[in-house]
Amino acid sequence: MTTATQPSSTAQVELVIGGMTCASCANRIEKKLNKLDGVTATVNYATEKARVDVSGDISPDELIATVEQAGYTAVLPTPKTDAPTETTVGEPDPTASLRTRLLVSLVLTVPVIAMAMVPALQFTNWQWLSLTLAAPVVVWGALPFHKAAWTNLRHGTATMDTLVSMGTIAALGWSLYALFWGTAGMAGMKHPFEFTISRMDGSGSIYLEAAAGVTTFILAGRYFEARSKRQAGAALRALLELGAKEVSVLRGTGGRQPAGWVGTGGRQPAEPVGWVGTGGRQPAEPVGWVGTGGRQPAEPVGWVGAVEQRIPVGELTVGDWFIVRPGEKIATDGVVVEGSSAVDASMLTGESVPVEVGPDDAVVGATANVGGRIVVRATRVGSDTQLAQMAKLVEDAQTGKAQAQRLADKISGVFVPIVIALSVATLGFWLGTGGSIAAAFTAAVAVLIIACPCALGLATPTALMVGTGRGAQLGILIKGPEVLESTRRVDTVVLDKTGTITTGKMTLLEVVAAAGEDTAEILALAGALEDSSEHPIAQAIAKGARDKGGELRPVEGFANIEGLGVQGVVDGHAVIVGRARLLADWSQQLDTDLEQAMREAESHGKTAVAVGWDGRARGVLVVADAVKSTSAEAISQLKALGLTPIMLTGDNAAAARAIADQVGIDEVIAEVLPKDKVETVTRLQAEGKVVAMVGDGVNDAAALARADLGLAMGTGTDVAIEASDLTLVRGDLRAAADAIRLSRKTLGTIKGNLFWAFAYNVAAIPLAMAGLLNPMLAGAAMAFSSVFVVSNSLRLRSFRSTAL
């Protein structure tokens, strides 16, 4: 953990751990690493990784040596390539060797159990065939358990492998004694199967079915556990493998710099060649496109002679221009420099509707181009891309531990020695109360086997892996398991207005025409004039006009009157757009209806702009930061989760109240500065509330960090995302409700898993001690508990978003 005194000297190291077989192994490695000065380690059994925070001069080699001293292996993770190579795609299944061991053991064990359970199958000397079949299972099938137990013994510790190894060897050992030195080896011996343990003399009893059965059941549990763990991590692997493998890059004469940009260092000049005199705006038909009807030519001007090359994505560099054709994946994060298309970003955002993109629009690597051909300039490659950062966030979350799991790890760390002590006590109790050596021994073995704490170690990691993986598929990034604890307690959600509840962009909402005027004509003339201005309100009007009427009309004599509006000539009309005062200066007075429309808009926090031409006021345009279409539904969902929504904004009270009424928020805190946002969150916390904060801007970052739970809209700034606990990749506020629901469901699954695992052990150990549990059944039950816990976690894969 980063210390307060030396934050700059702290580094984080990730290790891939080998040889772990249960939670107590992870706990042991963790303790060993944490004994080093300046080291804070978290070891995750499910992901088989250790995340180590190092403060000081300890090298990765020293960390690896410490893990090896504990009897395990550790290596630094192999750097990920930008795209899967053919070797990684075909890499071997790590469960293959375990599957082989299980299948061989199963084939040998089935007849052993059948002969033991069905007296009719117990032919003369059947016990010797049983020994022949069972011995390879206990010796070779259980070899991983024996090796791990021996390693633990050499290091003076015990894990669940110690329990399994002791139990199976003891059962085989007693059977050998009974066969060679007792009466069990005699011809015609019969051995009825019992669910409980008999107090009779054990010299005629063999437990080969228990030894082989326990080994096979536990191997089966391990195999299905390993398979389930791979399924649990499938979302992350799928995320990493989504990227394109090859890309068509433009290289050659002119290279990545179209002619006319030479000497600009690859940056776009204020006015590209051929646009001179257009005021920086794109002409209707760019130079070199003449005669194409405005359509993009096959080879853009200045790229003549440029060669299109197919290269691996890993060779792409920042600044490269590459082509993306319909149906292809976008190779890396970038900006569209030419062409327009629709992009399917569902794998990142969970949003199924393709997004239209054109020049200057940002695109994300691994999203699919489903429309036209586009040329993209790479802005981020490799580990800097949004996809790579998402994968890193998910992986970090899976490596962490929830508070409940830390408690489970502590329990499993002391559980094995306690179980061994209980097993010895059971042996002593049975012998002391007149039980046979065989009965006492069998009860002791049953205690060893039933108590293996596998399920405890899997309870949290598997639920985390599935929950965070499913979240990533839906565009919800959970930064760590401690976030889950926060979502359970949150009762108040503070929402930034701009960019969170609203779109964050000015939008034309209404056109009010004076008596006898045409609204379409008002919008067409005002939009044409405003298109020459860079002001957000002007651009909103121009966009509204373009959306309604298509191409805008040409403008002559454009002039910007600072702080008041704009004027110019459109289609022979002297047009003025701006404040009512500007029109009044030109003796264009608003009539009563237009004045009323302006007052009403401003009273609701909207901006009203007057339009006039040829000596008369013609209409009013109403512009505002529009509420997102999904915000009202999102607020309703947050309320349904038991949260009280509060809107926090720097806008004036009237504008804020109007927005709040539209979406159903009762409490509004308006006219706050960024520092006031932090103070507001602190005040709410002081009142005893547990606060979640949702925001997207730089001015929200401090409040996001201060809140008990910070949720950043992924459409916002990097600093806001960095300060948050949860990132919502979609710009849809409904994702906030989904994130809280998923987090709570994941936490509920973890608690259910821990209860099942722990209650199972607590309930089963007394039964085994009392002789009410055959060792073979104990092994099956123990294996089932682990599979149950993992299967219960996998149910999170069915989580559905209400927004999609």
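We now turn to the structure provided with this report. (Residues numbered from 1 in each chain as written. Predicted model: local features only at pLDDT ≥ 70, side-chain atom pairs only at ≥ 80, totals over all residues. Heavy atoms only, no water.)

What to know about unusual backbone geometry
- Even without being glycine, Asp360 reaches a positive phi, approximately 75 degrees.
- Take Asp360: it is sitting in the loop between β10 (355–357) and β11 (362–363).
- Of note, Asp571 is a non-glycine position whose phi angle comes to about 50 degrees, a positive value.
- Its location among the elements puts Asp571 in the loop between β18 (565–570) and β19 (573–578). (Helix = DSSP H or I, 4+ residues; strand = E, 2+ residues; numbered from the N terminus.)

Regarding the side chain of Thr630
- Relative to the assigned elements, Thr630 resides in the loop between β21 (616–627) and α21 (631–640).
- For Thr630, a relative accessible area of 14% puts it in the buried group.
- Dropping the residues within four chain positions of it, Thr630 is found in contact with Asp732, Leu733 and Arg734. (Buried < 20%, exposed > 50% of the residue type's maximum accessible area, 1.4 Å probe, protein only. Contact = heavy atoms within 4.5 Å.)

A word on the sheet that holds strand β3 (residues 49–55)
- Within the open sheet, the four strands sit side by side as β2-β3-β1-β4. Their pairing is antiparallel. Unpaired on one side and paired on the other, β2 (39–44) and β4 (73–75) mark the two borders of the sheet. Going from strand to strand, the sheet's axes swing by 30 degrees on average, the running direction of each strand aside.
- Sheet topology places strand β1 (residues 10–18) next to β3; seven bridges connect them, and they run antiparallel. Residue pairing across strands places Val13 opposite Val52, the latter belonging to β3.
- Packing of helix α2 (residues 60–69) onto the sheet brings it into contact with β1, β2, β3 and β4, and relative to β4 it is tilted by some 165 degrees. (Pairing = 2+ DSSP bridges. Axes fitted to C-alpha atoms, helices over the stretch in contact; angles between N-to-C directions.)

Considering helix α20 (residues 592–603)
- With 12 residues, α20 extends 16 Å from end C-alpha to end C-alpha; this agrees with the ideal 16 Å at 1.5 Å per step.
- Listing the buried residues of α20 in full gives Leu594, Ala597, Met598 and Ala601. Each buried residue of α20 sits inside an arc of 95 degrees when the element is viewed along its axis, so together they form one side.
- Buried positions along α20 lie against β16 (502–513), α19 (580–585), β20 (607–613) and β21.
- Near the N-terminus of α20, the side chain that reaches the backbone nitrogen of Asp593, with its oxygen 3.2 Å away, is that of Asp591.
- Just downstream of α20 lies Gly605, where phi reads positive at about 80 degrees. (Expected span 1.5 Å × (residues − 1). Arc of directions from axis to C-beta. Polar contact = N/O pair within 3.5 Å; in protein donor to acceptor, adjacent residues only side chain to side chain.)

Focus: a nonpolar patch on the surface
- Nonpolar side chains collect at one region of the surface, where Leu176, Tyr177, Phe180 and Trp181 lie side by side and expose about 460 Å² of accessible area between them.
- Structurally, Tyr177 can be placed in helix α7 (residues 160–180).
- Accessibility expressed as a relative area gives 38% for Tyr177, which makes it partly exposed. (Patch = residues over 30% accessible without salt bridge, like charges linked within 9 Å, V, L, I, M, F, W, Y side chains within 5 Å. Areas by Shrake-Rupley, 256 points an atom, 1.4 Å probe, with all protein chains shown as cover. Salt bridge = Lys/Arg side-chain N within 4 Å of Asp/Glu carboxyl O.)

Overview of the nonpolar core
- Ranked by size, the top nonpolar core spans 46 residues in total, and within it Leu495 and Leu711 carry the most contacts.
- With nine residues, helix α26 (residues 734–769) is the single largest residue contributor to this core.
- Counting residues in each nonpolar core, the second largest holds 25 residues, with Trp126, Ala134, Leu172 and Leu179 among its members. (Core = buried A, V, L, I, M, F, W, Y, C linked by side-chain atoms within 4.5 Å.)

Observations concerning the packing of helix α4 (residues 96–117) against helix α5 (residues 126–141)
- Orientation of α4 relative to α5, taken along the N-to-C sense of each, is 150 degrees, at an axis distance of 9 Å. Comparing the axis directions of α4 and α5 gives the class roughly antiparallel. As α4 packs across α5, the resulting crossing turns out to be left-handed. For the pair α4 and α5, the contacting residues are Thr100, Arg101, Val104, Ser105, Leu108, Thr109, Pro111, Val112, Met115 and Ala116 in the first and Trp126, Leu129, Ser130, Leu133, Ala134, Pro136, Val137, Trp140 and Gly141 in the second.
- Its residues assigned to classes, the contact of α4 with α5 comprises 13 nonpolar, five polar and one charged. (Parallel < 35°, antiparallel > 145°, perpendicular 65-115°, else oblique. Left-handed = near helix turned anticlockwise from the far one by under 90°. Nonpolar A, V, L, I, M, F, W, Y, C, P; charged D, E, K, R; others polar.)

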